[in-house]
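# Residue-level structure breakdown
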Amino acid sequence: MTPQEEILQLRKELEQHNYNYYVLNRPTISDYDFDQMMRRLEDLELFYPQYADPNSPTQRVGSDLNQSFRTVPHKYPMLSLANTYSEGEVRDFYERVRSGLEGEDFEICAEMKYDGLSISLTYVDGVLTQAVTRGDGVRGDDVTGNVRMIKSIPLRLKEGSGYPHEFEIRGEILMPWKSFEALNEQRAKAGEELFANPRNAASGTLKSQKSRVVAERGLDAYLYYLLGDEIPTDGGHYENLQLAAQWGFKISQGMRKCHTIEEVLEFIAYWDVERKNLPVATDGIVLKVNSLRQQRHLGYTAKSPRWAIAYKFKAERACTRLNEVTYQVGRTGTVTPVANMEPVQLAGTVVRRASLHNADIIAQLDLHIGDMVYVEKGGEIIPKVVGVDTSQRTEGMEPVRFATCCPECGTPLIRVEGEAAHYCPNDSTCPPQIKGRIEHFISRKAMNIDSLGPETVDDYWQRGLIHNVADLYTLTVAQICGNNRNRVKSAQKVVDSIEASKQVPFERVVFALGIRFVGETTAKLLARAFKSMDALQAATLEELLAVDGVGQVIAESIIRYFHDERCLEILARLREVGLQMALSEDVLAGQTDKLQGQQVVISGVFQHHSRDEYKAMIEQHGGKNVGSISKKTTFVLAGENMGPAKLEKAQSLGVRIVNEDEFLQMLH
Ligand code: IVH
């Protein structure tokens, strides 16, 4: 077999395994074997760059390069559907279709309405060429690079399966519940803001500037609409989607052709319950006239097709009494009003509290204490108050007035112009803010002081032992024990793990400080760019903005942090007790600019270090590792068995070939 043949065969097999795993949910090989095949393909592609292909399965891991999205026109506008919430209106739709078709028999295809983001995919000769978001329906964002990372979307259709030369297929991109929960859990631990629902999470992910983020977050896609001049017309919509499934697409899980209105209503009733067992969010049922000929006959209104309608499921709703409104203060001082209600059963759980979000919502609802309120669990995880039964309001009930002072520390609240939220400005002594900052500081991805948790933090704070993160480092066993001698052992453990945190690397110290908007990734970027706390502190707005991945909001927040006297005082104490305030000697010692501005291609098999180690070395010395040889390549780091084609290309372009020993010599 020639290398080219092997590459093509591996790609085909890997595509089939991707399909089995992500579309059919029925893998037929072990993860290990899959990884081995992938690695072999990666190696071959590196050796033989002339066979590179952006649709190769190896290209689905994503990159950290920033990308921006082009706006492109849709070939066919992306219309929406008329919505209805009632059985009566579904019956009306059915009758409208019947009379529109002048008594002709018709079938209705009933299918799930997926609650994600719509996407339009173009395939030419079986290859994905473009993926565009809905945008305003006429123009959308070209997100092809990111969509390539969604494993259930085929980059190449099954050979010989009979797909048209060129067509569009539309569908919904979703984040499955499982991925959504895992993502939010991870964000909660990192102290990052949570996504309200899978749709927001999917949307945030798809617009991410880094395709690697998309690759990691486990998005999924269901396709439900074929378009184009060449799509088969002998069958109907249902039949076409079955064909699309054969070409390699993931289509709706529940689809049924209905012949009577009763069958339609039965389908709706069945899925209203059963949808709770689906892996992704759905918010209704879409009904479409099946025959494409009849669809054309019925046509469109200005906004939507006459041949289709969306029936939306009602969010589950309960009615109960509002007893009190309390206020919660977060780590950053945001004050959230919370409705405290008579316990009521709703969608499988007992609900006592619901978020009221902000003062505007309370005003909109014209909420009074003692009101009978409607509570819903919609797409959001936390129940919300959606309305008031004013007929049950009696005289003397007081309207809810938003708190004017912080419920925790009494400081008058502020509201920034243009923002919905109220804040408690007292970040130095307001308890939940202090405790929240300390909890963030000790968390796993920050200083990783795992012998402490929210309860111990609360306990120490109550006992006046700690007021800020710097106080942790002066805690003694005696203080922690107080007059309880039984605590000595665990207290010693606490002191030891606080001591051990002094070795935590600089980038995590930057994250631990809790500078607003500086998450784990940004902290790493900052640490690498500035190398020490002194340099970071001295950085100007322009210097901060020059760091790839740091925008205006983050940069301003950093400047604000380093201008805050209290922050500086804590920072000084942290420095004094010996926290890592610069990149470690090891890392720094290894960092040079010997390869500054150079582009290096790695090829072949090596003796002294692994390929990944060589990659890391190139970066440590300021160089860039690139995949294929071009005029811009500075040199090729060649091991044994460098591919002949690569060798030839390097020679023809006059690119220098450096062997392993020479390379290591260069860095000495
Ligand atoms: S068909 C012209 N089918 O709901 C008809 N849409 O308001 C094209 N949606 O924008 C749409 N599930 O994002 C269709 N099975 C389904 C759907 C579906 C979800 C979304 C889609 C569309 C919106 C309609």
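Residues numbered from 1 in each chain as written. Predicted model: local features only at pLDDT ≥ 70, side-chain atom pairs only at ≥ 80, totals over all residues. Heavy atoms only, no water.

Not every one of the 14 residues close to the ligand is listed here, only the nearest: Glu111, Met112, Tyr114, Glu172 and Tyr224. Glu111 is positioned such that a nitrogen or oxygen atom in its side chain is 2.8 Å from a nitrogen atom of the ligand. The separation between an oxygen atom of the ligand and a polar side-chain atom of Glu172 is 2.9 Å. For the ligand, the protein covers 91% of the area, taking 520 Å² as the surface of the free molecule. When contributions to the shell around the ligand are tallied by element, the ones reaching two or more residues are β3 (108-114), β8 (220-227) and β10 (282-289). Ranked by residue count, the leading element in the shell around the ligand is β3, at four residues. Classifying every residue of the shell around the ligand by side-chain character gives seven nonpolar, two polar and five charged. (Near = heavy atom within 4 Å. Polar contact = N/O pair within 3.5 Å; in protein donor to acceptor, adjacent residues only side chain to side chain. Areas by Shrake-Rupley, 256 points an atom, 1.4 Å probe, with all protein chains shown as cover. Helix = DSSP H or I, 4+ residues; strand = E, 2+ residues; numbered from the N terminus. Nonpolar A, V, L, I, M, F, W, Y, C, P; charged D, E, K, R; others polar.)

When we look at a pair of aromatic rings, we describe it by the centre distance and by the angle of the planes. Evaluation of the coordinates by the stated rule reveals 21 aromatic pairs. Plain terms: the ring middles of Phe267 and Trp271 are 6.3 Å apart, the flat faces sit at 50° to each other, and that makes the pair tilted. Taken together, the residues span about one helical turn, with Phe267 and Trp271 both in helix α9 (residues 261-274) at a distance of four residues. Here Phe267 falls in the buried class, since its relative accessible area comes to 5%. (Phe/Tyr/Trp six-rings, centres within 6.5 Å; stacked < 30°, edge-to-face > 60°. Buried < 20%, exposed > 50% of the residue type's maximum accessible area, 1.4 Å probe, protein only.)

The next point concerns unusual backbone geometry. You will see that Glu102, though not glycine, has its phi angle at about 50°, which is positive. Among the structural elements, Glu102 can be located in the loop between α3 (87-100) and β3. Positive phi outside glycine occurs at Phe517, with the angle close to 75°. Within the fold, Phe517 resides in the loop between α16 (506-512) and α17 (520-530).

Before going further, it helps to examine the sheet that holds strand β7 (residues 166-174). Taken in spatial order, the four strands make up an open sheet running β5-β4-β7-β8, and their pairing is antiparallel. Each having just a single partner strand, β5 (127-133) and β8 make up the two edges of the open sheet. Recorded for the sheet is a direction-independent mean angle of 30° between the axes of neighbouring strands. Looking at chain direction, β7 and β8 are connected through seven bridges and run antiparallel. Note on β8: the bridge partner recorded for Ile173 is Ala221. Packed onto the sheet, helix α6 (residues 198-206) meets β4 (117-124), β5 and β7 and runs at close to 45° relative to β4. Across the sheet, helix α8 (residues 237-247) touches β7 and β8, and the angle it forms with β8 is around 130°. (Pairing = 2+ DSSP bridges. Axes fitted to C-alpha atoms, helices over the stretch in contact; angles between N-to-C directions. Contact = heavy atoms within 4.5 Å.)

Before going further, it helps to spend a moment on the pattern of salt bridges. Taken as a whole and judged by the stated rule, the model has 35 salt bridges. For the salt bridge of Lys257 with Glu107, the shortest nitrogen-to-oxygen distance reads 3.7 Å. Residue Lys257 is found in strand β9 (residues 255-258), and its partner Glu107 is found in the loop between α3 and β3; the two are separated by 150 residues along the sequence. Residue class for Lys257 comes out partly exposed when judged on its relative accessible area of 23%. Lys288 is paired through a salt bridge with Glu111; the nearest N and O atoms lie 2.7 Å apart. (Salt bridge = Lys/Arg side-chain N within 4 Å of Asp/Glu carboxyl O.)

On to the packing of helix α1 (residues 3-23) against helix α2 (residues 31-47). Between α1 and α2, the shortest axis-to-axis distance is 10 Å and the interhelical angle comes to 145°. Crossing hand, α1 versus α2: left-handed. Contact with α1, carried on its side by Glu6, Ile7, Leu10, Arg11, Glu13, Leu14, His17 and Asn18, involves Phe34, Met37, Met38, Arg40, Leu41, Leu44 and Glu45 of α2 and no other residues of that element. (Left-handed = near helix turned anticlockwise from the far one by under 90°.)

What follows concerns the sheet that holds strand β19 (residues 599-603). Within a beta sheet, neighbouring strands are joined by backbone hydrogen bonds and run either parallel or antiparallel to one another. With respect to topology, four strands assemble into an open sheet ordered β20-β19-β21-β22, the strand pairing being parallel. The open sheet is flanked by β20 (624-626) and β22 (656-659), the only strands paired with a single partner. Within the sheet, the average angular offset between the axes of one strand and its neighbour, ignoring direction, is 35°. Here β19 pairs with β20 via three bridges, running parallel. Counted as the bridge partner of Val601 is Val626 from β20. The sheet strands contacting helix α24 (residues 644-653) are β19, β21 (635-638) and β22, and the helix crosses β19 at an angle near 155°.

The next point concerns helix α5 (residues 177-189). The terminal C-alpha atoms of α5 lie 18 Å apart, and with 13 residues this matches the ideal 18 Å at 1.5 Å per residue to within 8%. Buried residues belonging to α5 abut α6. (Expected span 1.5 Å × (residues − 1).)

This part takes up the pairing of β21. Residue alternation in β21 divides its side chains into two sets, Phe635 and Leu637 and Val636 and Ala638, and both sets are buried. Pairing geometry for β19 and β21, over four bridges, is parallel. By the bridge assignment for β21, Ser603 is matched with Ala638. For β21 and β22, the ladder comprises four bridges, and the chain directions are parallel. Its bridge partner being in β22, Phe635 is matched across the sheet by Arg656. Taking the sense of rotation as the criterion, the β-α-β connection linking β21, α24 and β22 turns out right-handed. (Right-handed = clockwise from strand over helix to strand, strands pointing away.)

This brings us to the packing of α3 against α9. For the pair α3 and α9, the least separation of the axes is 11 Å and the interaxial angle reads 140°. Once α3 is placed against α9, the crossing between them reads as right-handed. Counted together, Glu87, Val90, Arg91 and Tyr94 of α3 and Ile261, Glu262, Val264, Leu265 and Ile268 of α9 form the full contact between these two elements. For the contact of α3 with α9, the residue count by class is six nonpolar, no polar and three charged.

Attention now moves to α3. Look at α3: 20 Å from first C-alpha to last across 14 residues, which is about the 20 Å you get at 1.5 Å a residue. Those residues of α3 that sit buried are Val90, Phe93, Tyr94 and Val97. Each buried residue of α3 sits inside an arc of 95° when the element is viewed along its axis, so together they form one side. Pointing more than 90 degrees away from the buried face of α3 are the exposed residues Arg96 and Ser99. Looking at the buried side of α3, the elements it contacts are β2 (83-84), β3, α9, β10, α10 (292-298) and β11 (308-312). Following α3 by one or two positions, Glu102 adopts a phi angle in the positive range, close to 50°. (Arc of directions from axis to C-beta.)

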